[in-house]
Amino acid sequence: MQVIENVRILHFHPGSVSEPTDIAIDGRIIVETGKALAAKYPDASRESPGGYVSPGLVCSHNHFYSALARGLSVAIAPSKDFAQQLVNLWWRLDRALDEGIVRASGLAGAADAAAMGVTAVVDHHASPEFIGGSLDVLREGFDTVGIRGVLCYEATDRNGRSGADAGVRENVRFADAVDAERKAGGDPMVEAAIGAHAPFTVDDRTMAALAAACSSTGRGLHIHVAEDKFDAVDSRYRFGKDICVRLDEAGLLGPRTILGHGLFLTASEVELVNERDSFIAHNARSNMNNFVGYNDKIGQYRNAVLGTDGIGSDMLEEANFAFFKHHDAGGAMWMDSFLGMLQNGNRLLERYFPGKRFGRVEAGYEADLAFWDYDPPTPLEGGNVAGHAAFGMSSRMVASTMVGGKFIVKNRKPLFDARAIAAMGRSETRRLWQRMEEVR
Ligand SMILES: [Zn+2]
């Protein structure tokens, strides 16, 4: 039992800020918020960190496999479009990943997330030369650092039938292992989705295998769709239908489905995605970086969430870019809408972690919390949280991060071995560069 004393509870969406109050946490759950809780729970340990406490942030689409891509020092041929960039850069990167590099990537990605107040990451993993068992190795990062995750493997046809089958098998194996762990009385911090790269690299045979995997495991599909126009055009050219119609006919659009990007989905597809109650993950910085265009329909989705698509885990920055890009493109939504998308990540988590509640600092919710060291020069109130998030706050203000009632970062000191993780990352990155030069 622990009591966090005298903090202001901050909710980014709907925006609210409390008077100084206490938070009582029993094990992994918040049991009460209110005044004088230390007196009510005299045996509890006590903390008075000051500042603001918000629900932990959720990154709803990430690729920890590219955590070591920053500062990439490998000769990459220039690309004229996104398809060429996949071949020249991203598929050379993922083919160069082996067990050691995947381990170092997962640790580096998770450590970065923890420092940013991110308590859960939905990851989309690919390592075609190391498929079987890769999700266990990736998971080591989540477990070592102590963040939650929803993991999957990006099944794809681009390495032949055996590669596609191995990808689907890895998803099912991992989901079954999580189920077995829970059945044995465990409370795993990670969950499983069924992953696939993108419709243009998934033929109907693999699509059927993915549908079977979703139904046998009770999980949802996590896939990129229409990140570039090529994917949408290919679907209509090769399969004679829109991407989402193809997914829906395969039984793959449902309340646990996570669609990444979706820039070139049509109005009728948006409607279908909403009818099926599926999620769309918006990745504004990545879209800008890859020069694929702008998702001008993002405000029309019932369940839009925010991801970084591999560009770290700074979710306030991601929300900010989403907002600024939207305004720059002539859109009328305010920062508040993008904080709503950030908040929706909690709904996604609730659909994957049975029986758990996420995203509020209230009794009954998981104690997944971010502690903010923020002393604003203008009043911070419920009505102007979005303005502070857009123009004042930064994830660098996160002093402490708690997941399931346990601090994983406290007063800016990671409670995992961050130095060892960074050192391992640097040495594995040297190997990654070397291997990328070899796999042309
Ligand atoms: Zn992605």
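Residues numbered from 1 in each chain as written. Predicted model: local features only at pLDDT ≥ 70, side-chain atom pairs only at ≥ 80, totals over all residues.

As a further point, take the overall build of the chain. Counting secondary structure elements, the chain contains 14 helices and 19 strands. Across its three principal axes, the chain shows a C-alpha extent of roughly 65 × 45 × 45 Å. Evaluated residue by residue, the chain yields a buried proportion of 53% over its 440 residues. Taking contacts inside the chain between residues at least 6 apart in sequence as the whole, the part at least 24 apart equals 75%. (Helix = DSSP H or I, 4+ residues; strand = E, 2+ residues; numbered from the N terminus. Buried ≥ 20, exposed ≤ 12 C-beta atoms within 10 Å, placed from the backbone. Contact = placed C-beta atoms within 7 Å.)

On domain assignment, one finds that the chain holds domain 1 (2-56 + 360-414) and domain 2 (57-352). Domain 1 and domain 2 are separated by 29 Å when their C-alpha centres are compared. In this complex, domain 1 contributes 20 residues to the contact, which on the side of domain 2 involves 28 residues. Among the secondary structure elements, those contributing two or more residues to the side of domain 1 that touches domain 2 are helix H13 (385-391), strand S17 (398-403) and strand S18 (406-410). By residue class, the composition of the side of domain 1 that touches domain 2 is 12 nonpolar, 6 polar and 2 charged. (Domains from an automatic or database assignment. Nonpolar A, V, L, I, M, F, W, Y, C, P; charged D, E, K, R; others polar.)

It is worth spelling out the packing of helix H3 (residues 99-115) against helix H14 (residues 418-438) at this point. One way to put it is that H3 packs onto H14 with a least axis distance of 9 Å and a crossing angle of 135°. With respect to H14, the axis of H3 lies oblique. The element H3 and its partner H14 pack so that their crossing is left-handed. In this structure, H3 contributes Gly100, Ile101, Ala104, Leu107, Ala108 and Ala111 to the contact, and H14 contributes Ala418, Ile421, Met424, Gly425, Glu428, Arg431 and Leu432. (Axes fitted to C-alpha atoms, helices over the stretch in contact; angles between N-to-C directions. Parallel < 35°, antiparallel > 145°, perpendicular 65-115°, else oblique. Left-handed = near helix turned anticlockwise from the far one by under 90°.)

Another point: the sheet that holds strand S7 (residues 57-62). Taken in spatial order, the 4 strands make up an open sheet running S7-S8-S9-S10, and their pairing is parallel. Among the strands making up the open sheet, the edge pair consists of S7 and strand S10 (190-192). For this sheet, the mean angle separating the axes of adjacent strands, direction not counted, is 15°. As paired elements, S7 and strand S8 (residues 118-123) share 4 bridges and run parallel to each other. Considered in S8, the bridge of Cys59 is made with Val121. (Pairing = 2+ DSSP bridges.)

A few words now on the nonpolar core. Counting residues in hydrophobic clusters, the biggest one holds 132 residues, and the most contacted among them are Val53, Ala114, Ile147, Leu210 and Ala319. The leading source of residues in this core is H3, at 10 residues. In this structure, this core is formed jointly by two domains, domain 1 (2-56 + 360-414) and domain 2 (57-352), each of which donates at least three residues. Apart from residues lying up to four places away in sequence, Ile147 is in contact with Ala110, Ala113, Ala114, Val118, Thr119, Ala120, Val121, Phe142, Val403 and Ile408. (Core = buried A, V, L, I, M, F, W, Y, C linked by C-beta atoms within 7 Å.)

With that settled, the discussion passes to the sheet that holds strand S14 (residues 279-282). Sheet architecture is open: 5 strands sit in the order S11-S12-S13-S14-S15, paired in parallel fashion. Strands at the two margins of the open sheet, each flanked by one partner only, are strand S11 (194-196) and strand S15 (304-306). Direction aside, the axes of adjacent strands within the sheet are offset by 25° on average. Pairing of strand S12 (residues 221-225) with strand S13 (residues 258-261) involves 4 bridges; the strand directions are parallel. Counterpart to Val225 in the pairing with S13 is His261.

A few words now on the packing of helix H11 (residues 315-328) against helix H12 (residues 335-352). Viewed as axis vectors pointing N to C, H11 and H12 meet at an angle of 135°, and their least axial separation amounts to 9 Å. With respect to H12, the element H11 is oriented oblique. Our pair here, H11 against H12, has a crossing hand that is right-handed. Seen from H11, the contacting residues are Met315, Ala319, Ala322 and Phe323; seen from H12, they are Met335, Phe338, Leu339 and Leu342. Grouping the amino acids of the contact of H11 with H12 by side-chain chemistry returns 8 nonpolar, no polar and no charged.

A few words on the pairing of S12. Remember that side chains alternate between the two faces of the sheet whenever the strand is regular. Counted residue by residue, S12 has 5 buried out of 5 residues, so it is predominantly covered. Of the two faces of S12, the one lined by Leu221, Ile223 and Val225 and the one lined by His222 and His224 are each fully buried. Bridge analysis of S11 against S12 gives 3 bridges, and the strand direction is parallel. What sits directly across from Ala196, in S12, is Ile223. Between the parallel elements S11 and S12, the chain passes through helix H6 (residues 204-217) in a crossover that is right-handed. (Right-handed = clockwise from strand over helix to strand, strands pointing away.)

Helix length check: H12, at 18 residues, gives a terminal C-alpha distance of 27 Å against a target of 26 Å (1.5 Å per residue), a fit within 8%. H12 sits mainly inside the fold: 14 of its 18 residues count as buried. (Expected span 1.5 Å × (residues − 1).)

A separate point is unusual backbone geometry. Along the chain, His13 connects to Pro14 via a cis peptide bond; the corresponding omega equals -15°. Positive phi values are uncommon outside glycine, yet Ala226 reaches one of about 45°. Along the chain, Ala226 turns up in the loop between S12 and helix H7 (229-238). What makes Ala226 buried here is the crowd of 29 C-beta atoms within 10 Å. Its identity as a non-glycine residue notwithstanding, Arg412 has a phi of 70°, on the positive side. Along the chain, Arg412 falls in the loop between S18 and strand S19 (413-414). Judged by C-beta crowding, with 11 C-beta atoms within 10 Å, Arg412 ranks as exposed.

The next subject is the pairing of strand S4 (residues 29-34). Direction of pairing for strand S3 (residues 21-26) relative to S4: antiparallel, over a ladder of 5 bridges. Bridged to Ala24 within S4 is Glu32. Hairpin remark: S3 followed by S4, antiparallel, with 2 residues in the connecting loop; positive phi at Gly27, about 60°.

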